[in-house]
Amino acid sequence: MRISVLGLGYVGCVSAACLAGQGHEVIGVDVNQAKVDLVNNGRAPVVEERIGELTAEVVRTGALRATRDVHEAIMESDVSLICVGTPSEPNGSLCTTYLERVAEQIGAALAERGQKGGRHTVVFRSTMLPGTCLNLLVPILEKSLGGTAGVDFGVAVNPEFLREGTSVRDFFDPPKTVIGQLDQASGDVVAQLYEGLPGEVFRVPVPVAEAIKYADNSFHGLKIGFANELGAVCQALGVDSHQVMDVFLADRKLNISPAYLRPGFAFGGSCLPKDLRSLVHAARRADVSVPILSHVLASNADHLQRAVELVERTGKRKVGLFGLSFKPGTDDLRESPLVELAERLYGKGYDLKIYDANVSLSRLMGANREYIEGRLPHLAQLLADSVDEVLDHAEVCLVGTRDQAVLSALPLSGGPAIVDLVRLPDAEARRAEPGYMGLAW
């Protein structure tokens, strides 16, 4: 394929050289003449494992050259990879100046080129927030070109997962390939760029592709911060943090796994809140600052409050709650987030009915009974005997369980408003209904 790569920083330089190494005809573009000269002389503008040798080879064979002229590069390519920087503004917001400028230049060049060279596909590799491509860059391209995205030219978002120091290796052995496609044809073009490379390929809507890079990097930062805070606490308590983490990392069922990484309702139960409080208290006593760990419970409380606010937004007063126990299939109410939710709603004067097939006041005993009597002493008046009793009562229902009896009884439309706390199996169909509200989706 004939490819132009706009921006010859780490991502652009590596992408250009690696694509040329796969047999594509690549033109690199950069405003910095020094970078252009380096590439044309067979030298990489960045220091990186393997990039020097690869750049020298592909320039020698004529597979890669560089220019400052965007117009020239667009005229002589069929697909453009945009790899310009998106630095932070002083207030932390994303700077899109370079993206906007390149979009204008590409649009102007394509307007002059017309359809003589076939449909051109513009692929954004730069990291940008969801909505940037469709709401900002596509309109610029359409205005400059005088055409329609997905018809007159292709558009895709293709985030990169290249780590400085190992980026050439990461290009040829990616953890995944993500293609945010405006239309099928645009996605097909991007898929051809990476044919033969390992790793799963995800073809998703454009905003999903934009968000994935932020999900990855936020989680990586969170992992590093978590490990460092835990290490500081362990050191203060006289424990070898690396031995602790060796055991932690060996658990591939719960710790290093997809477990707990699907957006849902707040966590609770007799372990997580108690243990977090205890660890944070121990850190404070040892004068160790743990801002991540100390804010986990606060974040959890904020997430629970979102459910309350969704109910308030409906303006309705008769509320049904499906689910009460901390975990499905049990009657354990200790620090259940659903109990906390019920307590807040009841305290705000809502007319509340609750159904949980596993919760019977007469069977509760010990610490479990003591907890609920202290937090929700009026539970006996609030518990319903059936799903239908709650549905008959409620103007708005909070669904905090995937109990099949509840799922089967919930009307798809025409019933009470639904606040979905668990992402119901038919959530996609329900999202089109005006009375449906997902907590975090």
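Residues numbered from 1 in each chain as written. Predicted model: local features only at pLDDT ≥ 70, side-chain atom pairs only at ≥ 80, totals over all residues. Heavy atoms only, no water.

The protein is annotated in an unreviewed UniProt entry as GDP-mannose 6-dehydrogenase of Streptomyces endophyticus. Looking at the protein in UniProt, the text filed under Sequence similarities (unreviewed entry) is "Belongs to the UDP-glucose/GDP-mannose dehydrogenase family." Per UniProt, the comment on the protein under Pathway (unreviewed entry) is "Glycan biosynthesis; alginate biosynthesis." (UniProt positions renumbered as here; feature names shortened; annotations may be inferred.)

Peer 1: Before we go on, may I ask you to explain the overall build of the protein in this structure?
Peer 2: A tally of helices and strands in the protein yields 19 helices and 13 strands. Put simply, the protein has 441 residues, and 45% of those count as buried. Per element, the accessible surface of the protein, about 21,700 Å² overall, is 52% carbon and sulfur. Across the protein, the mean location of the 43 positive side-chain charges is 1 Å away from that of the 55 negative side-chain charges. (Helix = DSSP H or I, 4+ residues; strand = E, 2+ residues; numbered from the N terminus. Buried < 20%, exposed > 50% of the residue type's maximum accessible area, 1.4 Å probe, protein only. Areas by Shrake-Rupley, 256 points an atom, 1.4 Å probe, with all protein chains shown as cover. Lys, Arg positive; Asp, Glu negative; His and termini not counted. Charge placed at Lys NZ, Arg CZ, Asp CG, Glu CD.)

Peer 1: Could you clarify how one ought to interpret the side chain of Ser80 in this entry?
Peer 2: Among the structural elements, Ser80 can be located in strand β4 (residues 79–82). You can call Ser80 buried: its relative accessible area is 0%. If near-sequence neighbours (up to four positions away) are discounted, Ser80 is found in contact with Ser4, Leu6, Ile74, His120, Thr121, Val122 and Val123. (Contact = heavy atoms within 4.5 Å.)

Peer 1: Could you clarify how one ought to interpret the side chain of Asp170 in this entry?
Peer 2: Tracing the backbone through its elements, the reader meets Asp170 in helix α7 (residues 167–172). Classification of Asp170 as buried rests on a relative accessible area of 6%. Setting aside its immediate chain neighbours within four residues, Asp170 contacts Phe161, Leu162 and Arg163.

Peer 1: Got a minute to help me understand the sheet that holds strand β13 (residues 436–438) in this structure?
Peer 2: Through backbone hydrogen bonds, the strands of a sheet pair up, either in parallel or in antiparallel fashion. One open sheet accounts for 5 strands, arranged β10-β9-β11-β12-β13; its pairing is parallel. The sheet is open, and its two edges are formed by β10 (351–355) and β13, each paired on a single side. Shown here is a sheet whose adjacent strand axes are inclined to one another by a mean of 20°, direction ignored. Most of the contacts of helix α14 (residues 337–347) go to strand β9 (residues 318–322), to which it runs at about 170°, and overall it touches β9, β10 and β11 (396–399). (Pairing = 2+ DSSP bridges. Axes fitted to C-alpha atoms, helices over the stretch in contact; angles between N-to-C directions.)

Peer 1: I keep staring at helix α8 (residues 184–193) and nothing clicks. Help me out?
Peer 2: Residues of α8 that are buried include every one of Ser186, Gly187, Val189, Val190 and Leu193, and no others. Buried residues in α8, looked at end-on, bunch into an arc of 155°, giving them a common side. The N-cap of α8, judged by a side-chain oxygen 3.3 Å from the amide nitrogen of Ala185 a few residues on, is Asp183. (Arc of directions from axis to C-beta. Polar contact = N/O pair within 3.5 Å; in protein donor to acceptor, adjacent residues only side chain to side chain.)

Peer 1: I'm lost on the pattern of salt bridges in this one. Help?
Peer 2: One side chain can pair with another of opposite charge once the charged atoms of both are near each other. Counted under the stated rule, the structure contains 23 salt bridges. For Arg2, the salt bridge identified is with Asp78, shortest N-O distance 3.2 Å. Of this pair, Arg2 sits in strand β1 (residues 2–6) while Asp78 sits in the loop between α4 (70–75) and β4, placing them 76 residues apart in sequence. Exposure remark for Arg2: the relative accessible area of 30% places this residue in the partly exposed category. Between Arg431 and Glu428 there is a salt bridge, with its nearest N and O atoms 3.1 Å apart. The class for Glu428 is exposed, based on a relative accessible area of 51%. Among the ionic contacts, a cluster of salt bridges with common partners joins Glu340, Glu343, Arg344 and Arg375. (Salt bridge = Lys/Arg side-chain N within 4 Å of Asp/Glu carboxyl O.)

Peer 1: So what exactly am I meant to see when it comes to the UniProt feature "domain: UDP-glucose/GDP-mannose dehydrogenase C-terminal" (unreviewed entry) in the protein here?
Peer 2: Under the feature "domain: UDP-glucose/GDP-mannose dehydrogenase C-terminal" (unreviewed entry), the UniProt entry names residues 320–427. Across residues 320–427, the secondary structure splits into 36% helix and 15% strand, with the terminal C-alpha atoms separated by 19 Å.

Peer 1: Can you walk me through the sheet that holds strand β6 (residues 154–157) in this structure?
Peer 2: The 8 strands are arranged β3-β2-β1-β4-β5-β6-β7-β8 in an open sheet whose pairing can be described as mixed. Two strands in the sheet have a free side with no partner beyond their single neighbour: β3 (64–67) and β8 (200–204). Recorded for the sheet is a direction-independent mean angle of 25° between the axes of neighbouring strands. Here 4 bridges tie β4 to strand β5 (residues 121–124), and the two strands are oriented parallel to one another. Of the residues in β5, the one forming a bridge with Ile82 is Phe124. Where α8 meets the sheet, its contacts fall on β1, β4, β5, β6, β7 (176–181) and β8, and the angle it forms with β7 comes to roughly 155°.

Peer 1: What is the right way to read the pairing of β6 from this model?
Peer 2: The side chains of a regular strand alternate, residue by residue, between the two faces of the sheet. Residues of β6 alternate between two faces, with Gly154 and Ala156 on one and Val155 and Val157 on the opposite face, all of them buried. With 4 bridges connecting them, β5 and β6 associate as parallel partners. The partner of Phe124 across the bridge, within β6, is Val157. Tracing the backbone out of β5, into helix α6 (residues 132–145) and back to the parallel element β6 gives a crossover that is right-handed. Taken together, the 2 bridges between β6 and β7 define a ladder with antiparallel strand orientation. Of the residues in β7, the one forming a bridge with Val157 is Gly180. (Right-handed = clockwise from strand over helix to strand, strands pointing away.)

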